[in-house]
Each structure stands twice: as C-alpha cells, then as structure tokens.
Amino acid sequence: MNNKYYQNPILSGFYPDPSICRVGDDYYMVTSSFVYFPGLPIFHSKDLIHWEQIGHGISRPEQLDYHNCETSLGLWAPTIRYHNGIFYIINTFVSGGREAKRDNYIITAKDPSGPWSNAHFIKDADGIDSSHFFDHDGRIWYTGNFILIRNIMKVTMGFISANWILKHFNSKENVPSYGMAKRLEANGLKHLIYTTKNGWYYLLVAEGGTFTNHSVMMARSRKIDGTYEFCPRNPIISHRHLSLEHEISVTGHADIVKTQNDEWWMVLLAVRPYKHAHFNLGRETFLVPVLWDSDGWLRIDTENGLVNTQERRPNLPYDTGKPEFYSDNFECTELSMIWNSIHPYPVHLFSLTERPGCLRLYLCPEKLEEVCTPAFLGRRQQHQIFHMQAAMDFSPSSDHEDAGLALVQDDRFHYTFTVSLKHSQRILRVQKVYNHDVTILAETMLDFSGRVYLTVSADETGYHFYYGSNEQMKVPLYLKADPTLLSSVTNSGFTGTYLGMYGTSNKHKTEGYADFDWILYEGQNL
C-alpha cells in the first residue's frame, strides 16, 4: 500500500471504545477489555497508524476483583488523559448486570507502560462511559451517565447524563478524593468526553447504542455546567443510514486528538460485518480525519463523509513500528501481552519455567460453559481469514481430562478442539456449545502417541479443524463449522472471538497439565 494512505482498522480484533491522548510527539490509547485479564490494553504510536502495545492498566489481580463477572461485564469504556506528569485512566466497572451495579474508579501512572496504581473508586459516581477533564482553573470534572427511571420514557434509551465536580485532589497520590460535590442534569447523552476550543466546552457523545443505530453526536456550551446546545448537523459521524452489511458498520464511541502539526484526528469503534450483519472480530478501533468547520462544529474530513477502509495518513513522520509477530515459542519467562485469561487468573494457572521453552497449562475443574476462571489463555481473532496451529504434548490420565484449543465468544457460545481419553485410548474431539447446549461435532481415535499438532483455520465458509502427528500433516476432522456461533450478534455481547489454549478436568480434581511448545497465528482479511 502507498505510504500516503493507511488501512482501517488501526487496531483489528476486539479493541472497542478507544480513548486517546498526546504527550509531545507520542500518542497513547486505551480500549475496553470487559472480563479479560490483564485488562485495559494500552498502546503507543508516533504516527497514529502503527500501534504497539506497551502495557495494561489492570495487570495485578489485587487491583480489581472481577472474577464473578459474565463475559460482557467487567471493564467497560475507559478514558486516558495526561496532566502534570501523570497519566490517568478512568473506567467503569460493571459487576451486577448491564443496567445494575456500575462503579467508576481511577488508576494513575507516571509511565503509561505501568505499573498502574490500585483502583480508587469515586463515591456515588454511577453510570457508564465515564470521562475526566482537567479545566484551566485547576478543577477536575467527571462525566458519566446513569439511568433515571422516572424519565425513562422521555430520554433516548432511558439514559440521562450526569456531571459531578471532583471537589478535592490528593496531591500525594494524584487521585481525586471520594467526595462528590455536585450533580447536574443535562439532556439524554451517552459516552461523554470533554474538549475545549475557542472558549467552548464540547461534549463528544455516543448515541443510539453500540450496535444498529450507533453514532457520534456533539453538544457545546460556554460554561462547563451548561446549558449545552446540540450540533445542528448531528450526528457528526454515523453509518446507520447504510446497510448493516456495509463493509464498515455501527460507527461510534469516539475520542479526538490534536497533533503537533495542528491536525485533528478521531479514533472510534466500528465493526466489519459479513452475511446477515454478523461479526466475529468484535468492535474494532478505526481512525478518521476531522476538522473544525467555520461554524465551530466538528466535521469528518473524508471525501465521502464516511469511515473508510483506506484513508490518507496524518501529517506525521511515517513510523513502521516494531514488527508484529503472531507466533509464540514461549521462550520468555513472562507471558506475551497478546495472551489473556478469562478473569484474573490464579498463580498456578500456567508456568513458563517448569518446562523451559513450553507453556505448561494446568488443568482446572472449571469448564468454559461456566462463569468462572477456566484454564484458558487466548488471543483475539483479528482477521476474517486466519490459520492457527499449536504443538501440544498431553497425556490425559482419565476420561475427565481434556486439553487443546478453544474458540470462544463467551461461556454460552464456543467451540472446543481437545484431546481426551475414551476406553483408555486417546481421542480428539470437536464440540460446539450453543447457549450452553453441548454437541459433539466430530470425534476420532488418535492412532499415534506423543505430540499432537492442532490446526484451526477460518474463511468465509466457516471454521475448520485439522490434526496431525507432525506440523506438515493436516487431517481434517470437522470442516465448515458455523461461523455465526461466534458472532457478537448471536450472543448480543460486547466482546469478540478469542482463540487459545484450554484444559479442563470437568469438575474433577486433577494434577494434569498440557505443554504447548509453540502457537502460530497467520491472518488476512476478506
């Protein structure tokens, strides 16, 4: 591709709800992660196009306990800001249901790669999509939204925005106190983010829900506490007037940044759907140019007014970044940042030192069909077409033990591709779980001992499962598994598909484990 252009998305796979800030010539971005751990992935870039993950906001189990959250709960949309030498992330922790218990907390760090502080919860700051704003007079403002039951028929989606002043600031720890000073009501807004220009305070707002009617709206006021007027051109960005099968759909939930060369750019989420508007990769991060029009409102600055797959690149030094490797030989003593568990994991989940050069995954009694912390380490599916292969050593001691690969949307919808025992002989089995209903799709006896090479691939026809006794051998076990099983539309969820290593003893005590020598992932888009 010509270096005058870049390709969207800039973060492929399940990286929704992006927030961005600039410090000098460096750009930092954070996205949602829900129940996956480590959580709140943090990225760095020099050119807004090539992003390298440098850390996680939540990387220690003691920072936040979310082990009982179902897949679409946990760590919702974060906001990252920089002020006086300190990075701040504010985030909504959803633990009791999508419209139930939502708490907001702040974590801080001097280095965005970490370590980040423990979570400091803000008393009475309910609502979702929180943000924080450092005003020129030294005050810190919090924005969020909450459900106001009495106005549910009068406000879009039953939401009404709420703003609080964080009245005190603890300079020693650089976090706001728990005291709340003031609540102010505005119109029915969601995903509130502040920026200022020419004496105006702007609210950058996501509206319409995160799926079919998603859009980016704006409002402004001369005073930070309102009253806010809406942009007459709202929505300023939306694809809701297009087919849901358009190549880029459900655009929304945006943040903006000004470059050192006085350009303005917006990061936002969108999806890349296939037939019947399904999408398996989750909500991804896209980049578009924007400008301030003569009337003082923001406008998308693309030729067709849409978020496009190919767009002109920013006026920044082109940085190819570090090469992105999709293979892992597990030769480091620390797990690569690409791998996540479901919920914060116990210390005994895996080892990279017990057998050097391998990841040893210890089987757990828990199963993927439960809201739990299973023995699962996965990475995001980032391409519609991919090939993933793993070299596994596993000798099950009973027919209760299974280990292999799993393709996961959540506890209700997933595929497993595992080795087990049956009549004292090793077998290989493909199972699907549809709304907790388990079905065996294929099963075969393994007529060889030792290492098993498991391969999963995907294309427009579905997912395909192969095996062999060496890495060149690919014997098909099950082909064209239904791709919509792993669609975010099927489970009405907020996450994307994960691919990874899995082991279970199916509710029995065990000392079993599986050793993974390496995993290779290669992908391309349709």
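All figures in this text were calculated on a predicted structure; none of them were measured in a lab.

A. Region of interest: the overall build of the protein chain. Assigned secondary structure in the protein chain consists of 0 helices and 40 strands. Residues counted as buried form 59% of the 526 residues belonging to the protein chain. Accessible surface, the protein chain as shown: approximately 21,200 Å² in total, 47% of it carbon and sulfur.

B. Just the pairing of strand β39 (residues 498–504), in detail. Among the 7 residues in β39, 7 count as buried, and that is most of the element. Inspection of the sheet shows strand β32 (residues 402–408) paired to β39 by 7 bridges, in the antiparallel sense. Bridging across to β39, L407 finds its partner in L499.

C. Expanded view of empty space enclosed by the protein. Per the counting criterion, the structure on display carries 3 cavities of 30 Å³ or more. Considering only enclosed or pocket space, the largest cavity measures out at about 80 Å³ in volume. In terms of lining, the largest cavity is formed by 13 residues, of which the most central are T71, I342, L368, E370 and D411. Each residue belonging to the lining of the largest cavity can be placed in one class, and the counts come to 7 nonpolar, 2 polar and 4 charged.

D. View of the sheet that holds strand β6 (residues 52–58). A sheet is described by the order of its strands in space; here 4 strands give the open sequence β2-β3-β5-β6, paired in antiparallel fashion. Each edge of the sheet is formed by a strand with only one pairing partner; in this case those strands are β2 (19–23) and β6. Averaged over all pairs of adjacent strands, the angle between strand axes in this sheet comes to 25°, irrespective of strand direction. Pairing between strand β5 (residues 39–45) and β6: 5 bridges, direction antiparallel. Along β6, the bridge assignment pairs P41 with H56.

E. A look at the confidence of the model for the protein chain. Per-residue pLDDT for the protein chain averages 87, and the proportion of residues at 70 or more is 88%. Every residue in residues 150–192 is under pLDDT 50, and counting partners more than four places away or in other chains gives 119 contacts.

F. Spotlight on unusual backbone geometry. The residue after G114, namely P115, is reached through a cis peptide bond having omega 5°. For P115, the position within the fold is in the loop between β9 (102–109) and β10 (120–121). Of the consecutive residues N234 and P235, the connecting peptide bond is found in the cis state with omega at -5°. Relative to the assigned elements, P235 resides in the loop between β20 (229–230) and β21 (237–238). Even without a glycine there, the phi angle at D17 is positive, about 55°. Looking at the element boundaries, D17 is found in the loop between β1 (5–7) and β2. Of note in the backbone geometry, S492 takes a positive phi value of approximately 50° without being a glycine. Take S492: it is sitting in the loop between β38 (475–481) and β39. Residue classification places S492 among the partly exposed positions, given a relative accessible area of 43%.

G. Seen up close, the environment of L428. Along the chain, the position of L428 falls in strand β34 (residues 425–434). In this structure, the C-alpha to C-alpha distance between L428 and A403, residues 25 residues apart in sequence, is 9.6 Å. Once residues within four sequence positions are removed from consideration, L428 is found in contact with F417, T418, V419, A442, E443, T444, L446, L454, Y467 and L477.

H. Structural detail: the nonpolar core. Counting residues in hydrophobic clusters, the biggest one holds 45 residues, and the most contacted among them are L361, F417, Y463, F465, M501 and F516. With residues up to four places along the chain from it excluded, the contact list for F465 reads L407, Y415, F417, V430, T455, V456, V475, P476, L477, Y478 and A481. Listed in part, the 36 residues of the second largest apolar core include Y28, I58, W116 and I128.

I. Fine view of the pattern of salt bridges. Inspection of the entire model under this criterion finds 21 salt bridges. Between K258 and D262 there is a salt bridge, and its shortest N-O distance comes to 3.5 Å.

J. Geometry of the sheet that holds strand β22 (residues 249–258). As summarised here, the arrangement of the 4 strands in space is β22-β23-β24-β25, forming an open sheet in which the pairing is antiparallel. Strand pairing shows two members of the sheet lacking a second neighbour, β22 and β25 (298–300), which therefore form its edges. Each adjacent strand pair in this sheet contributes to an overall mean axis angle of 40°, direction not counted.

K. Quick peek at the packing of aromatic side chains. The full count for this structure, using the stated rule, is 30 aromatic pairs. Pairwise contacts between aromatic rings join Y326, F386, Y415, F417, Y463, F465 and Y521 into one cluster. In this structure, R222 packs its charged tip against the face of W200, placed 3.8 Å from the ring centre.

Rules of the game
Residues numbered from 1 in each chain as written. Predicted model: local features only at pLDDT ≥ 70, side-chain atom pairs only at ≥ 80, totals over all residues. Heavy atoms only, no water. Helix = DSSP H or I, 4+ residues; strand = E, 2+ residues; numbered from the N terminus. Buried < 20%, exposed > 50% of the residue type's maximum accessible area, 1.4 Å probe, protein only. Areas by Shrake-Rupley, 256 points an atom, 1.4 Å probe, with all protein chains shown as cover. Pairing = 2+ DSSP bridges. 1 Å grid on protein atoms, 1.4 Å probe; cavity = no way out; pocket = protein on both sides within 12 Å on 5 of 7 lines; lining within 4 Å. Points joined across faces, edges and corners; volume = space filled by probe spheres on them. Nonpolar A, V, L, I, M, F, W, Y, C, P; charged D, E, K, R; others polar. Axes fitted to C-alpha atoms, helices over the stretch in contact; angles between N-to-C directions. pLDDT = per-residue confidence, 0-100. Contact = heavy atoms within 4.5 Å. Core = buried A, V, L, I, M, F, W, Y, C linked by side-chain atoms within 4.5 Å. Salt bridge = Lys/Arg side-chain N within 4 Å of Asp/Glu carboxyl O. Phe/Tyr/Trp six-rings, centres within 6.5 Å; stacked < 30°, edge-to-face > 60°. Lys NZ or Arg CZ within 6 Å of the ring centre and 35° of its normal.

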